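Residues per chain, in single letters:
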Amino acid sequence: MPKVVDHDQRRVELVDATWRIIARHGIEGATMREIAAEAGFANGALKPYFPTKDDLLTFAFGHVFSQTSERMRAATTGKTGLIALRAYCHEILPLDDIRISEARIVIPFWQKALSDPAKAQLHDASMLQWRQALRALLTECRANGEIHSTVGDTDIVGHLMTVVLGAQITAALSPADHSPNQLITQLDGYLHLLATGD
C-alpha cells in the first residue's frame with residue numbers, strides 16, 4: 001500500500017528548515033539544495049511544493065503570520081485592557097529564538113515585497129488584521145479608563161506597529177544592543193505614557 005504523505009506537514013518542515021538555514025547563512029545562503037538537505041529531502045522533492053525560493057519565502061511569511069496570530073489569541077485569552085494589549089505586542093516582539101527566527105524570515109520577505117505587488121498585497125492584508133486587533137484592544141482600554149493619552153488611536157496603533165515591527169530588524173541585526181529585556185522595557189515605557197497621559 002502506498003505511503004500516505006502529509007503535504008501540509010512537509011511544507012511546514014521545509015519552512016522550519018528554511019529558518020535554520022537563514023539563521024546560519026542568511027537568505028542568500030538559503031539555496032533550495034541546502035533547504036532540501038536540511039529537511040532531509042532529495043533536492044528535486046521540493047519542486048512539487050515550492051517551484052522557486054520566492055514561493056517558499058511567501059509561504060514562510062504566511063506561516064509566520066499565522067503562527068504569530070495564533071500565539072496572540074492564546075496570549076490574550078482571558079485578559080482585557082492594557083494587560084491584553086501588552087501580551088498581544090509581546091508575541092510580535094523578537095523575545096526568544098523562535099521569534100528571532102521568524103524575524104529573519106520576515107525581513108527578506110519585506111525586501112522582496114518592495115518590488116513584488118503580490119507579496120506587498122499579502123503583507124498589507126496581514127498587517128491590516130493586526131492593526132484592527134490593536135485598535136479593538138485600545139478601544140477596550142479607553143472604555144476601561146486605562147488610557148488617558150490625548151493622542152488618537154490611529155496614531156497609537158501606528159506607533160505600536162512601528163515599535164514591534166522595527167524591533168524585528170534591530171534585534172536581528174544587533175541583538176546585543178536590543179535584548180528581550182530592553183525591548184520589553186521600551187514597550188512598557190510607551191504603554192505607561194498612554195496610561196498616564198504624560
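Residues numbered from 1 in each chain as written. Predicted model: local features only at pLDDT ≥ 70, side-chain atom pairs only at ≥ 80, totals over all residues. Heavy atoms only, no water.

Peer 1: Explanation requested: the overall build of the chain in the structure shown.
Peer 2: If you tally the helices and strands in the chain, you get eight helices and zero strands. Walking the chain from its N terminus toward its C terminus, one meets helices and strands in the order α-α-α-α-α-α-α-α. The principal-axis extents of the C-alpha atoms in the chain amount to approximately 60 × 40 × 30 Å. Taking all 198 residues of the chain together, 39% fall into the buried category. In the form shown here, the chain has an accessible surface area of approximately 10500 Å², with 56% of it arising from carbon and sulfur atoms. For the chain, the centre of its 19 positive side-chain charges and the centre of its 23 negative side-chain charges are spaced 5 Å apart. (Helix = DSSP H or I, 4+ residues; strand = E, 2+ residues; numbered from the N terminus. Buried < 20%, exposed > 50% of the residue type's maximum accessible area, 1.4 Å probe, protein only. Areas by Shrake-Rupley, 256 points an atom, 1.4 Å probe, with all protein chains shown as cover. Lys, Arg positive; Asp, Glu negative; His and termini not counted. Charge placed at Lys NZ, Arg CZ, Asp CG, Glu CD.)

Peer 1: What exactly am I supposed to notice about the nonpolar core here?
Peer 2: In globular proteins that are soluble, nonpolar side chains generally tend to be buried together. If you look at the biggest cluster of nonpolar residues, it comprises 54 residues, and the most contacted ones within it are Leu14, Ile35, Leu85, Trp130, Leu134, Leu160 and Leu165. Listing elements by their share of this core, those giving two or more residues are α1 (7-29), α2 (32-39), α3 (53-76), α4 (81-90), α5 (97-113), α6 (117-143), α7 (153-173) and α8 (180-196). Looking at this core, the element that brings in the most residues is α7, giving eight residues. Residue-level mapping places this core at the junction of two domains, with at least three residues from each of domain 1 (1-51) and domain 2 (60-196). Here Trp130 is in contact with Phe65, Thr68, Ser69, Met72, Tyr88, Ile92, Met161 and Leu165, once residues within four sequence places are set aside. (Core = buried A, V, L, I, M, F, W, Y, C linked by side-chain atoms within 4.5 Å. Domains from an automatic or database assignment. Contact = heavy atoms within 4.5 Å.)

Peer 1: Can you walk me through α7 in this structure?
Peer 2: The periodicity of an α-helix, 3.6 residues per turn, causes residues three or four positions apart to be oriented the same way. The end-to-end C-alpha distance of α7, which contains 21 residues, comes to 30 Å, matching closely the 30 Å that a straight helix rising 1.5 Å per residue would cover. Here α7 has its buried residues at Asp153, Ile156, Val157, Leu160, Met161, Val164, Leu165, Ala167, Gln168, Ala171 and Ala172. Summarising the contacts, the buried residues of α7 are in contact with α4, α5, α6 and α8. (Expected span 1.5 Å × (residues − 1).)

Peer 1: Before we go on, may I ask you to explain the environment of Pro175 in this structure?
Peer 2: The residue Pro175 is located in the loop between α7 and α8 in this model. On the basis of relative accessible area, Pro175 is assigned to the partly exposed category, the value being 45%.

Peer 1: For this particular structure, what's the right way to read the packing of aromatic side chains?
Peer 2: Any two aromatic rings considered together are summarised by their centre-to-centre distance and by the angle between their planes. This model, assessed by the stated rule, comprises three aromatic pairs. Ring geometry for Phe61 versus Phe109: centroids 4.0 Å apart, planes at 5°, classification stacked. Here Phe61, found in helix α3, pairs with Phe109, found in helix α5; they are 48 residues apart in sequence, far enough to count as distant. (Phe/Tyr/Trp six-rings, centres within 6.5 Å; stacked < 30°, edge-to-face > 60°.)

Peer 1: So what exactly am I meant to see when it comes to the packing of α3 against α6 here?
Peer 2: Packed helix pairs are specified by the crossing angle of their axes together with the interaxial distance, meaning the distance between the axes. Across the interface, α3 lies against α6 with an axial gap of 11 Å and an inter-helix angle of 5°. The orientation of α3 with respect to α6, classified from their angle, is roughly parallel. Facing Asp54, Thr58, Phe61, Phe65, Thr68, Ser69 and Met72 of α3, the residues of α6 in contact are Lys119, Leu122, His123, Ser126, Met127, Gln129 and Trp130. For the contact of α3 with α6, the per-class residue count stands at six nonpolar, six polar and two charged. (Axes fitted to C-alpha atoms, helices over the stretch in contact; angles between N-to-C directions. Parallel < 35°, antiparallel > 145°, perpendicular 65-115°, else oblique. Nonpolar A, V, L, I, M, F, W, Y, C, P; charged D, E, K, R; others polar.)

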